[in-house]
Amino acid sequence: MFKFTLRRLFFAVPTLLVISFVIFALLDLAPNNPTGDLPLTIPPEVREQIRAALGLDQPFLIRYLRWLHQFFINEPLNILEQITGWQFGDGHRLRVLSWATRSPVVDLVVQRMPQTLWVVGLSYLFGVLLAIPIGVLSAYKQYSIFDQIGTFISMVGYSVPTFFTGVLLIVVFSSYLHWFPSVYDTNLRVTDWSSLMAQIKQMFLPVMVLTLYNVSHISRFVRASMLDNLHQDYVRTARAKGVKEKTVLLVHVLRNSLIPVVTVIALGVPTIFSGAIITEQVFRVNGLGQLLIVAVQGGDIPMVQTLTFIFAVLIVLFNLIADVLYGILDPRIRYD
């Protein structure tokens, strides 16, 4: 297992380099002009100076290598300096800067990450914790009233777009009942009991929308996987030997059923960091999803490049974690 993990990490390096090149090339070839939104009164020579200040007068390969150096060397050194307090070199490094704000992109990502983790991360956690027992019970009591209701709610939650569910909840719980705020207040700081309750209230609607979607999505996989295993020979053998039904269901069937579900859950984790783009827009959550949308709309290429590459790194990482979990859940799987 250890050798397999090291081998996968080794192969991940060229994979990520290829991904970074493709992302950089695609965004560089996109028809984007950072000076396009400037007033027409600005003379052409000033526009060229602005493009030169952004580094756009350099060849493509030079800009790509510079971005690699900034992202893989300068940014980690800055993070290490902030964590440890040590000084590496003179401290004057060129970082990846946003074209729109001229602030370091990594600093902006770090500022927005808590809002995304609070809302999207919590909803994913609730979704996984609810989806597994619902899927198990739906499969064990197939065609029962619980299964029928669960199937109906899952179909509704999975097929109805999250922006529609979000607007519907805002109309009912915010505009009509006045129970919860419709806009997320990013400046709210939790310092006492009343501020904690205000934080929970403003998180309730976006977390509920995303939890419904995640439960609907994951519980269907759990139910289908459980049904496949409930009719296997080893289950009939265990029941014939007199093994308790609870043990058969939770120890033998559930463990084997979780193997394909692990892939779904693990590959869904990177979407937490990308943020729920539409839901964050509906509830005005100042998270990573909104940061990406604003960067795309404003043609902020360094921001889009960095965010997209971070998501690619997370996908590669959680693919590896899913493969390692396969070996833990199923002893028959060997990586030698």
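A. Spotlight on the overall build of the protein chain. When helices and strands are counted, the protein chain shows twelve helices and zero strands. Counted from the first residue to the last, the protein chain has its helices and strands arranged as α-α-α-α-α-α-α-α-α-α-α-α. On the principal axes, the C-alpha backbone points of the protein chain span a range of 85 × 60 × 40 Å. Residues counted as buried form 42% of the 336 residues belonging to the protein chain.

B. Region of interest: unusual backbone geometry. One non-glycine residue, Tyr 143, lies in positive phi territory at about 70°. Relative to the elements of secondary structure, Tyr 143 occurs in the loop between helix 4 (105-140) and helix 5 (145-159). Positive phi values are uncommon outside glycine, yet His 178 reaches one of about 60°. Along the chain, the position of His 178 falls in the loop between helix 6 (162-176) and helix 7 (193-230).

C. Focus on the layout of surface pockets. Empty space within the largest pocket amounts to approximately 490 Å³. Leu 54, Gly 55, Arg 63, Trp 99 and Pro 302 are the residues nearest the centre of the largest pocket, which is lined by 25 residues in total. Listed by contribution, the elements that provide at least two residues to the lining of the largest pocket are helix 1 (2-29), helix 2 (44-53), helix 3 (60-84) and helix 12 (301-329). For the lining of the largest pocket, the residue count by class is 15 nonpolar, four polar and six charged.

D. Broad picture of the packing of helix 4 against helix 11 (residues 288-298). The N-to-C vectors of helix 4 and helix 11 enclose an angle of 135°; their axes lie 8 Å apart at closest approach. The angle between helix 4 and helix 11 falls in the class oblique. Residues Leu 108, Val 109, Arg 112, Met 113 and Thr 116 of helix 4 lie in contact with helix 11, whose contacting residues are Leu 288, Gly 289, Gln 290 and Leu 291. Grouping the amino acids of the contact of helix 4 with helix 11 by side-chain chemistry returns five nonpolar, three polar and one charged.

E. Region of interest: the packing of aromatic side chains. All chains considered together, the criterion is met by 15 aromatic pairs. Ring centres 5.3 Å apart and planes at 80° place the aromatic pair Phe 71 and Phe 72 in the edge-to-face group. A ring pair is formed by Phe 71 and Phe 309, whose centres lie 5.3 Å apart and whose planes are at 80°; its orientation type is edge-to-face. Taken together, the residues Phe 71 in helix 3 and Phe 309 in helix 12 connect sequence positions 238 residues apart. Phe 309 shares its class with Phe 71; the two are buried. Members of the aromatic cluster, each reached through a chain of ring pairs, are Phe 21, Phe 24, Phe 60, Tyr 64, Trp 67, Phe 71, Phe 72 and Phe 309.

F. Examining the pattern of salt bridges more closely. Summed over the entire model, instances satisfying the criterion amount to six salt bridges. Put simply, Glu 75, Arg 95 and Asp 107 are held in one network by salt bridges that share partners.

G. View of the nonpolar core. Counting residues in each nonpolar core, the largest one holds 43 residues, and the members touching the most others are Tyr 124, Ile 218 and Met 226. Elements with a contribution of two residues or more to this core: helix 4, helix 6, helix 7, helix 8 (233-240), helix 9 (245-274) and helix 12. The greatest single-element share of this core, amounting to twelve residues, is contributed by helix 9. Among all residues touching Met 226, those that are not within four sequence positions of it are Val 136, Ala 139, Leu 249, Val 253, Leu 254 and Ser 257.

The rules behind each value
- Residues numbered from 1 in each chain as written.
- Predicted model: local features only at pLDDT ≥ 70, side-chain atom pairs only at ≥ 80, totals over all residues.
- Heavy atoms only, no water.
- Helix = DSSP H or I, 4+ residues; strand = E, 2+ residues; numbered from the N terminus.
- Buried < 20%, exposed > 50% of the residue type's maximum accessible area, 1.4 Å probe, protein only.
- 1 Å grid on protein atoms, 1.4 Å probe; cavity = no way out; pocket = protein on both sides within 12 Å on 5 of 7 lines; lining within 4 Å.
- Points joined across faces, edges and corners; volume = space filled by probe spheres on them.
- Nonpolar A, V, L, I, M, F, W, Y, C, P; charged D, E, K, R; others polar.
- Axes fitted to C-alpha atoms, helices over the stretch in contact; angles between N-to-C directions.
- Parallel < 35°, antiparallel > 145°, perpendicular 65-115°, else oblique.
- Contact = heavy atoms within 4.5 Å.
- Phe/Tyr/Trp six-rings, centres within 6.5 Å; stacked < 30°, edge-to-face > 60°.
- Salt bridge = Lys/Arg side-chain N within 4 Å of Asp/Glu carboxyl O.
- Core = buried A, V, L, I, M, F, W, Y, C linked by side-chain atoms within 4.5 Å.

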